[in-house]
Every structure is written in C-alpha cells, then in structure tokens.
Amino acid sequence: MTDVRIHLFGGLRVTGDGAPPPVRGAIPEAILCRLALDPERSFTTGELVEALWPAASDSVVSSLRAHLSRLRTRGWGDLLPGGRGGYRLAVDPAAVDVIRFRRLLETTGDDRAAALAEAEALWTGAPLARVSEFPFAAPVLTELGMLRRAAAAERADRELAAARPANALAALAPWADDLDDDEMGRRLAQALAEGGRTADALGEIDRRVAHRREVGGAVPETWSRLRDGILRGESHGGAGGAPGPAAEAGAVRGGDASGAVGAARGVRVGEHGGPVDPAAGVQSRRSALIGRAAELDRIADARAQSRLVTLTGPAGVGKTRLAAEVARRGAGSDDDAQWFVDLTVIRSPDRLIGAVAETLGCVSEIDAIAAALGGRRTLVVFDNAEHVLGATAALASALLERCAGLSVLVTSREAMRMAGERVVAVEPLLGGALDDAVDLFLQRASESSGTTAWSDDDRTAVRRLCVALDGLPLAIELAAARLDVLSLGEVAGSLEALAPGRGTGRHDSLDAAIDWSVGMISDDERRTLGQLARFSGPFGLDAVAGICRIEGADAREMTIALVRRSLVVPAGAGGGERRFRLLDTVRRYARAHLQADDGGDWEGRHGRWMAAYAERTAPLLRSTAAPKARASMRGYAADLQDATARAIRSGDRPLAVELVGSLAWFWYERGQADEALSLIDQALAVPGPRLPRAEARALYAATFMQAVGGDPLKTVHALRRFADAADEAADAPHAMIAHTLLGSLAAVEGNIDGREAELAIAARLRAEVGDDDRWAIADHLYIRGDALRIAGHPAQALDSLEEGYRLAAEIGHTWTLAATCYITGKVLTEVGRARDAVGILRTGAGHSLAREDRISALAAVNAIAVALVELGAPVDAAELFGLVDALGPRFGFHPVASDGSYAEPFRARAAAGLGEEWDVARARGAARDFGWALDRAAAAAARA
C-alpha cells in the first residue's frame, strides 16, 4: 500500500509522499470517496453504479469505467488496482480519517478521553462535503453525525464531572445554535452555570424555551426544573439526564461503513440511546419535603430490618411523596437501581404483572421480572396498592423469594399482613407536626399567590385551618391553591362553613376538602372534572378536546383552569405533548360524586379517539419520529388497552380490529407478546364484518411475536393467516411482505420452486407499493435477504440487505436497520468474513438498544458469539453466550427457540474446545451487560 492519507472531512483531499493530483468533477470524487470508506473491500461495477446513480441508465456502466480509466491515467493508477475481483482503493484503512475517527471512538479504558479529543480534532469540516447528494453518502453522514454528537455529550459530561466547565462548553460549541436539541441545550446551560455564568445559563434556557413556543411545540418540564435548580445554586455535575464518565465510559461505539449508533451500558436505555435515570418512574423532587423526619427515620430502620416495608395511612396523608423521598435518598447508597410502579392506572389485579413488566421493559412473566430485578440491590415501590392488595402481596412474595438483593416498598391504606412485613404508619401533620403543616400551607400558598410575607395573625389562621383539615397534606395543598383568587380569610371562612356537615374521619376531612374545592369551581369545570376522571392514565389536551364534551365551553380551557386549582396536575410530556392527570384521591372522589353529564357517549368517543390516535401515530414508529411516537403511545398505553378491551367486550368488531391493527406492532416492540396475541385473537373472534387490511396489520406483528416465542407450528399458522388477510385486502405492502416470508419459509423447507414463486409474487407486488409505505419495501428487502441466505446465495443476499439498509436509514426505520444488520452478520459469518460480521452486528445491536429493543440486541449478541467461534475466540464467545443465557429470560429471548438452531453447533464447538473453562467463561459473561458485550466483541475481533 502507498504512503498517502485520505481526508474525507471537509471534502476529499489526499496528502503524503506520492499523493496524486487533486480530482476534478463530482463523479470521480464520489467514486474515490465510496472506495475510501471501505478500502479493504473490492467493489463490483454493479455495486459502484448503485452507490452513485439513484436511477441508473444503460449507459452508466460505460461512464463509470471511463471515469476510472481517466483517474488511472491522471496519477491514481497505483491506488486503483482493478481486475475480475472488482475495484478498490489501495490504502491502509488507518490512513482514512473517517475510519480513524470511528476507531478512536471505540477506544476504552484510560486512553478514552484523549481518543475522544483526537476524534473531534479530525472533524475539520462536513464529511463528504462535495458528494453528499450521492446515494451512498446519506447513511454515512447520519452515522457520523450521531457518533460525533454522542462523543461530544460524553466529553462534556466528563469535563463537568471533573469541574472543568470551560472545556465542557468547548465540546458543546458545535451544538450551541441547534435550538431543537434539548439534551445538548441542557448540558450547555449546566456548563454555563457551573462556570459561574448564571445569567448566561438562564438566558440560554429562556432562548430555547422561547424557540419551542415560537414553533408551536410543548415546553418540556425539565427546562423549568433546571432553571429552578440553577437559581437555587444546585450543582449538576454531569447532569441533565446524562451520565457521568464512570457510567458512560465507552458508550460511543463505531461500526463498519454502513453506520452505527451509541450503545449504552445498563439494562435500561433512553430514547436516544443514553442511559436513563435508574430511579425509573420516581417522581421528581419539585420542592423540598417539609417535615417527616421521624417517619424517614422509622422507614430507614424498617428497611434495615426487612426487605418488605409498607407505608400505611389515610388518603391524602402523603404516602407517595414520602416513598419518593425515601427512594431519592437511597439512590446510590442503599440501592443500585430503583423502580416506581404506579398502580392507580390498574383497574383489576390481573393487570398487575403486565404493569410491572412494562415499567421494567421485560416480558409479562414473573421469572422475567425476577431476572430483570436480580443481581444487584434494587428497590421497587408499589404505589397505591390498596385496590389490588392481594395481587401485590403475592407478586412481592414471589419476587422477594427469587431476588436476594430486592427490597419492596409499598404504599397502601392498609398493610398486606405478610410474614416479615414491617409497617410504618404515616400520620397526619398534627400535634408536634402541626408547625410542619403550617409551613407546608404557607410554602404552597406562596407558590400560588406570590405572597412571601406572613404575619403572626396569618400563621394563627393557617394553624386553625390545618387543624380543621386534620393535617392531611393533600387537603392543605388544595386549600393553599385557592389563594390565587381568595384571601386567606376567605379560604378559612369558606372551609369552616363545611364543618357542620362533615364526618369525623380523616377520609371525610379529605373528601370535605376536595368537596370544598369542587364547590368553588364553575359547573363547566365540575363537568370537565367528572369526564377527566374516566381516563385511566395521563391525557393530553388534544385527547380532552376530542373526547370530553362541555356544552357551551372549551374542555381544554376548563382543564387548564382545573390545573390552576390543583385538582388536575401536570404529568410530564409524552412524545413532546404536555400531559396531565388526576391524583388518585381526586379521581376516586370524582368518579363517586361527579356525573360525566356528557350525553352518555364518553366511552364511545374515547374508543373512537384512541383508535384514530393509534392509526395516525403507530406508522411513525417506522420513521425518524419513532422516539417521540413511542413515548407518546407509552403515555396512552392504559387508555389504549382499555379502549381495546371495551370494544371486544361490547362486540364492536370494527373498532376492536382497527385498534389491534394499529397497536400490534407497538405491543410487539414493547415485548407484550402473550397479552397482545390474546387481544388480537379475541378481536378477530368478535362476530361482524371483515376488515382484512387492519387484520393484516395485526397478523404481521403476530407472526413476529409467535416467531420470538419459538413454536414453529404456531409461527407458520400465524404467517398463513397473515398472508390470507393481506391477499384478501389487496394490500400491496403487507401482501408483498407476506409472500416474502412465505418464500423464506419455503427456503427453510428446501422447496426451491416454492421459494422462487413466492419471491416472484413479492417482486411484482413491490411495484404497487407507494412512497408512503417504503418501510414495507425495506422489510421485504431484509426478509428476502434472509431467504436468499438460507437458499445458499450469499452475494444476492448481501445485495438485497444493503439496499434494505440504505432505504431503512433514509426513512429512519430503525427496527429494520437492526434486523438488516443481524441477517447481514449471519451471511458474512457464513462466507468466512466473521470479523466484518462482528462490526455489522455491533452496529445492529446499537440500533436495537437505542430503541430499547433488548430481544433484537440479544439476538445480535448471540450472532456475534457465533462469529467469534469462527474467528477462533472461543473464550470470548462463551462469555457472550453466558450473557445471552442470563439476560434472555428477562425479555423472552430463548436462543434456540427464538432463532432455530443457528447457534447450537457453534456452542457445541466452543464447549468441546474449552472443556471445564466453558462453564467458567459463561458464568463470567452472565454477570455482565450489553455495553460490556459490545466492547468485548470489538476487542475479541481485533485480537483475532
């Protein structure tokens, strides 16, 4: 190889001894850039034509050859050897700056910080600057941009953790003007604040919030929390939801020229590939907890004595707030991981396991939940368990028996009365705690009214009011919220007027406080509250407008008014949309005492709105908008499930089938196979008119759910049902996929004629697929690639897979990106290119982890282990097999059942070669995580 260096950042340049003259013309430059991205590979004429010409004519082959000939005669001859094997660029891969960039981002250990800085120094301008319009460039540019951004975020977090805010600002500078990138914006504001530039930090927040409002977007609550924290002078370190260097080291990973994303360590991965807060679902600390020191001490003692602690007390006494504070204080010191399960959205005990599995991101089985919780000190909070107390007790007992490091904290109006349970009674703020009740009222009143100065007479009046409310924090906060429109005297007087009709129990006091608050709102607001109470989970204003009906009033404005009265509270954002919810006590009161008064069709409107919402949102799961769509649908999960179950119960077949048709893929992505398959079967069994198109959508997802389950007969049955529905509907996208799957099945069976016939039908249907359904073409191409792999045609398989990858990258269909990498890895392993297979499989695993798709990530790691056996690295392979065996049960992935017998011969080879070391190596891998697995794979492939 010659001693030249290829620079692709900032446009093609060549330096070094014997460097050829500059290239003139876009096409010659594009040819060289494509070859430089993968200099160890020989490209056929067809591959280069496809890389450069989106719509090739008959003359392009001769044009390509003419360009190559001219390049050779103009000084590039030594660098462009050719022959029957194809064309390649004869340079050392390490001499190409883009490849050097990727490799630097794979560095681990003590050298990682320097490697990150060196990688950024290589970015001297936009990569492929003058050839970005050619087809091959788009996925490369996307990949490099993602890698650079992830590396910059990690550099900033490291510098903030090391108290070097100026260096963090330098790392973030390229993203300073991207007002749509909230994550980098938060880091920027934090770095400014840590550097003592508080005014600039607040100005940065205000600038980004103003931009959100200008473009009509919702403003995430995290901005207001960050602003408050900066004003209070809180230190953020490497915050902003971003981990510090210890947690994130090695999180940015490269791949081959096809693309890569960062793969994060840990079992939970956020929407953009970074780790999320381990205290999943724990309410943020919006204000300091007032009082409760004695209760916190008692809870600490109880946790020291038992792994099962229950906080009991009346509604509104503050059990949830106290549990959240216990979790906040225990994070890191007492608990390595924390999970908060809100049981208020569960209508019946049989939904408990599903709700817990959804929170943990695993399949709905007790063993899978136990596997997700085991192996470390973990706290699970079951909040508001009184209506499913028996089921909660049974689940807690089963999990504690299986998980040695697990602690369970339950909030309920009554104890579970289980062996070993420690009960801490949470009392109202009375007696010695009455001063805390007064402080609570005055703090909330200041937030509501802006008043900060209170006289002794005011405090005396508040003291009487808190006694009248029996010291219940929720009742006190509801009363304090009224100071935005009433004086303190008016609040006290209006509440005391309720006294003669009140009961003497504490729950009566809370009901009286809610009744009093409800009595002071308008009739329209009361009617709105009655309808909002019928939602099972959080709701957005669009849902309110589409479902709630208030004669002569706007339900959205009524909802906002109820937020101001603290009867409705913010619930964060779902996919960018602001969501709201009712506190459980307020919801129960409203359901018991308020009539919906909406003409009696609330449930009908709810079902129709949820179906329309799912129909327009679900397709976004296969686009660049997938993270927001996924978050939005998760927020409505309880109501979507209710709407589906209600449609099935009521015999409304069209609505039930439309819902399962839209939701099936969402359920598949979330690992809800068992429950989803049951709902799909129930919906399709409801008597009524056929809806083949919606049925085809549901059965497509059902086919994949059955395949993961590992029962071949059920998978084949589901596939044939899917094909029948798609053909009946004359639905070209789904029919194309169905016949491609049938071709793959025929390949497995060795039926050559059947395979060719089915793939030919799929090819004809492809011509009928429109631009809106290009995701289906991407799916077809990767499934076709697998069929060709099984049939023993690796070159054709790789062509189909590469085309599918490019299309999936173009439209943002990340599931198919991962699936294409997975099948490509298998092909490469089978043709003796196992090292290349490891690279592409790591890329696919990164795509899967970024989507929180652990099943696909495990499949990729399993295939990586196979490749490592082929590379002669059986110890590393055994460790990865051990990790798959340990993590698989959490997410419903069973290597043999889920992936045929693909890995079994390689397991047997590794086991036979290692002897006793096989079990030892598997045990080492079983204690590891995904991030380690991808690091290990890269290191092992490099050694081999």
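A brief look at the structure comes next.

1. As for the overall build of the chain
In terms of helices and strands, the chain carries 44 helices and eleven strands. Looking at the 944 residues of the chain, the share that counts as buried comes to 55%. Pairs at least 24 residues apart make up 71% of the contacts formed inside the chain by residues separated by at least 6 positions. In the form shown here, the chain has an accessible surface area of approximately 37200 Å², with 50% of it arising from carbon and sulfur atoms.

2. Side note on the packing of aromatic side chains
Taken as a whole and assessed by the stated rule, the structure comprises 20 aromatic pairs. Between the aromatic rings of Tyr613 and Tyr636, the centroid separation amounts to 4.9 Å while the plane-to-plane angle is 70 degrees, which identifies the pairing as edge-to-face. Of the two residues, Tyr613 is situated in helix α26 (residues 602-617) and Tyr636 in the loop between α27 (626-635) and α28 (637-650); the sequence distance between them amounts to 23 residues. Overall, Tyr613 belongs to the buried group, its relative accessible area being 4%. Ring centres 5.4 Å apart and planes at 90 degrees place the aromatic pair Phe704 and Trp815 in the edge-to-face group. Pair noted here: Phe704 is in helix α31 (residues 692-709) and Trp815 is in helix α37 (residues 814-830), with a separation of 111 residues, a long-range link. For the pair Phe704 and Trp815, one class covers both residues: buried. Chaining the aromatic ring pairs together yields one cluster made of Trp665, Tyr668, Tyr700, Phe704, Phe722, Trp775, Tyr782 and Trp815. The side chain of Arg41 reaches across the aromatic face of Phe43, ending 4.3 Å from its centre. In this arrangement the basic side chain of Arg579 is found over the ring face of Tyr636, its NZ or CZ atom lying 3.9 Å from the centre.

3. Some details on the pattern of salt bridges
This structure, assessed with the given rule, holds 56 salt bridges. Measuring nitrogen to oxygen at the nearest pair gives 2.8 Å for the salt bridge that ties Asp885 to Arg907. Taken together, the residues span a long stretch of sequence, with Asp885 in helix α40 (residues 874-891) and Arg907 in helix α42 (residues 904-914) at a distance of 22 residues. Classification of Arg907 as buried rests on a relative accessible area of 11%.

Cut-offs applied
- Residues numbered from 1 in each chain as written.
- Predicted model: local features only at pLDDT ≥ 70, side-chain atom pairs only at ≥ 80, totals over all residues.
- Heavy atoms only, no water.
- Helix = DSSP H or I, 4+ residues; strand = E, 2+ residues; numbered from the N terminus.
- Buried < 20%, exposed > 50% of the residue type's maximum accessible area, 1.4 Å probe, protein only.
- Contact = heavy atoms within 4.5 Å.
- Areas by Shrake-Rupley, 256 points an atom, 1.4 Å probe, with all protein chains shown as cover.
- Phe/Tyr/Trp six-rings, centres within 6.5 Å; stacked < 30°, edge-to-face > 60°.
- Lys NZ or Arg CZ within 6 Å of the ring centre and 35° of its normal.
- Salt bridge = Lys/Arg side-chain N within 4 Å of Asp/Glu carboxyl O.

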